[in-house]
Amino acid sequence: MSKIQFLNFEPMHLAIRTEMQEAFQQVYDSNWFIMGQCVETFEEAYARFNEVTNCIGVSNGLDALHLALKGLRIGAGDEVIVPSNTYIATLLAVSYVGATPVLVEPDFATYNINPKNIELAITSKTKAIMPVHLYGQACDMDEIMAIAKKHKLYIIEDNAQAHGATFKGKLTGSFGDANGTSFYPGKNLGALGDGGAITTNDEGIAKKIRMLRNYGSEKKYHHELIGYNMRLDEMQAAFLTVKLKYLHQWTQQRKQIANWYVKALDNIPELILPITHPDATHVYHLFVVRTQHRNALQNHLTENGISTMIHYPIPPHLQNAYASLGFTKGDFPIAEELANTCLSLPIWPGMTEENISIIVNCISDFFKNGNHNS
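Residues numbered from 1 in each chain as written. Predicted model: local features only at pLDDT ≥ 70, side-chain atom pairs only at ≥ 80, totals over all residues. Heavy atoms only, no water.

1. Quick word on the overall build of the chain
Secondary structure assignment for the chain yields 13 helices and 13 strands. Whereas a compact globule of 374 residues would reach a radius of gyration of roughly 21 Å, the chain reaches 21 Å, a difference of no more than 12%. Principal-axis analysis of the C-alpha atoms places the extent of the chain at approximately 70 × 55 × 35 Å. Across the 374 residues of the chain, 56% fall into the buried class. Look at the contacts in the chain between residues 6 or more apart in sequence, and 71% of them connect residues 24 or more apart. (Helix = DSSP H or I, 4+ residues; strand = E, 2+ residues; numbered from the N terminus. Rg over C-alpha atoms; globule rule 2.2 N^0.38 Å. Buried < 20%, exposed > 50% of the residue type's maximum accessible area, 1.4 Å probe, protein only. Contact = heavy atoms within 4.5 Å.)

Structure, rendered in structure tokens:
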């Protein structure tokens, strides 16, 4: 029986092994491991890639969102609009600064926050909107930016899953006032450990966040702000600089894999395939299908050596961590429906058409043989 992992780094990492080892050697031999030339080099490279003036490397994606909020002076008594279907880190960042996350339902087709629902959630306490480019697809940023402008709100993009995605040709991570991204190993651009960054075109915000990530200091032992230790380290920056050169190539592979999936699965009526907004691009951090028979399909694939995941099985409003918000089952029906029906299929650079055929045949057999009716 063939075994297909949900995520396999080996094809990517084997191809760049020598360059990654050279990057390690460079940092090792420099004997400089925190806030050095490698971080500066990566920040400059990622800023160019993301078409922004500033990139500030930090410890992880959650810290990136936290510092973005902090840099915009969002805090106690404020409200931040977030999607009702997202990874909990989006909400945690809001909680870290003492603000309240206000949940808004997504568009059922794209799974991204629905701009039509945002305006209904705005109150006198609202200070920002935090759109999440979920699974790798850009949100409808034209409408979101128009709402923010009308109500004088900040935009903080959660760009952890969408490196290189665009809306009307403009890159995610370049719309907002300050935007957070993640370089967790499984991301499209992943470090060999934790890492993250804030992107912004505002020099004042960038200066403040650079201090906040480093104990509130611009000059050693001189502290202007009550800051944090949230720095991207030299080793991860060196690895990311190597990987950034290959991101476009890997993204093209992800798009090809997604295309193989769509062509092969399009004739299964019980399966809902990803839909991309006509003005958006999708970089397929995840390839997510939906079916009312999700659990049975996942079990069938597991039994046949194919690993899958659910992103995400419990929506934020039903997590114990946010019981204090007072929500119950049924309060966000779209997020709940997505949580009950979504299944993420394997997708990673290096997958072959043969891999996809094995997965697709297994899915087809499941529905043809009536397993979903048992």
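Anyway, onward from the coordinates.
2. Considerations on the sheet that holds strand β9 (residues 196–200)
Sheet strands pair by backbone hydrogen bonding; their relative direction is either parallel or antiparallel. Ordered by their spatial adjacency, 3 strands build an open sheet running β1-β9-β8, and the pairing between neighbours is antiparallel. Edge positions in the open sheet fall to β1 (54–58) and β8 (179–182), since each of these has one partner strand only. Direction aside, neighbouring strands of the sheet carry axes that sit 25° apart on average. Examined bridge by bridge, β8 and β9 share 4 bridges and lie antiparallel to one another. Opposite Thr-181, over in β9, you have Ala-197 as the bridge partner. Here helix α4 (residues 61–71) sits on the sheet in contact with β1, β8 and β9, set at roughly 170° to β8. Against the sheet, helix α8 (residues 203–213) makes contact with β1 and β9, and its axis sits at roughly 15° relative to β1, the strand it touches most. (Pairing = 2+ DSSP bridges. Axes fitted to C-alpha atoms, helices over the stretch in contact; angles between N-to-C directions.)

3. Focus: the side chain of Asp-78
Tracing the sequence through the fold places Asp-78 in the loop between α4 and β2 (79–83). Classification of Asp-78 by relative accessible area gives buried; the value is 10%.

4. Quick look at the pattern of salt bridges
Inspection of every chain in the model, using the stated rule, returns 5 salt bridges. Glu-19 is paired through a salt bridge with Lys-245; the nearest N and O atoms lie 2.6 Å apart. Placement of the pair is Glu-19 in helix α2 (residues 17–30) and Lys-245 in the loop between α9 (234–244) and α10 (247–265), with a sequence separation of 226 residues. Looking at Glu-19, the relative accessible area reads 23%, which means it is partly exposed. On the basis of relative accessibility, which here comes to 57%, the residue Lys-245 falls in the exposed class. The shortest N-O distance in the salt bridge between Arg-213 and Glu-43 comes to 2.7 Å. In this pair, Arg-213 is assigned in helix α8 and Glu-43 in helix α3 (residues 37–50), connecting sequence segments 170 residues apart. With respect to class, Arg-213 is no different from Glu-43; both count as buried. (Salt bridge = Lys/Arg side-chain N within 4 Å of Asp/Glu carboxyl O.)

5. Let's talk about unusual backbone geometry
Each neighbour pair has its own omega, and for His-311 with Tyr-312 the value is 10°, a cis peptide bond. Of note, Tyr-312 is situated in the loop between α11 (294–303) and α12 (333–341).

6. Structural notes on the state of the cysteines
Cysteine pairs can be covalently joined through their sulfur atoms, and such a bond is termed a disulfide. Tallied over the full model, the rule gives 0 disulfides. Left without a disulfide partner, Cys-139 is nearest to the cysteine sulfur of Cys-342, which lies 15 Å away. Judged by its relative accessible area of 1%, Cys-139 is buried. With relative accessibility at 1%, the residue Cys-342 sits in the buried group. (Disulfide = S-S within 2.5 Å.)

7. A few points about the side chain of Asn-159
Among the secondary structure elements, Asn-159 is positioned in the loop between β5 (154–155) and β6 (166–167). Residue classification places Asn-159 among the buried residues on the basis of a relative accessible area of 2%. Sequence-distant contacts of Asn-159, defined by excluding residues within four places in its chain, comprise Tyr-46, Asn-50, His-133, Thr-172, Gly-173, Gly-180 and Thr-181.

8. A few points about the nonpolar core
Leu-69, Ile-74, Val-80, Met-130, Ile-156 and Ile-198 are the most contacted members of the largest nonpolar core, which has 32 residues in total. The set of elements that each furnish at least two residues to this core consists of β1, α4, β2, α5 (89–96) and α8. With residues near it in sequence (within four places) discarded, Ile-74 still touches Leu-69, Val-80, Val-97, Ala-99, Lys-127, Ala-128, Tyr-154 and Ile-156. (Core = buried A, V, L, I, M, F, W, Y, C linked by side-chain atoms within 4.5 Å.)

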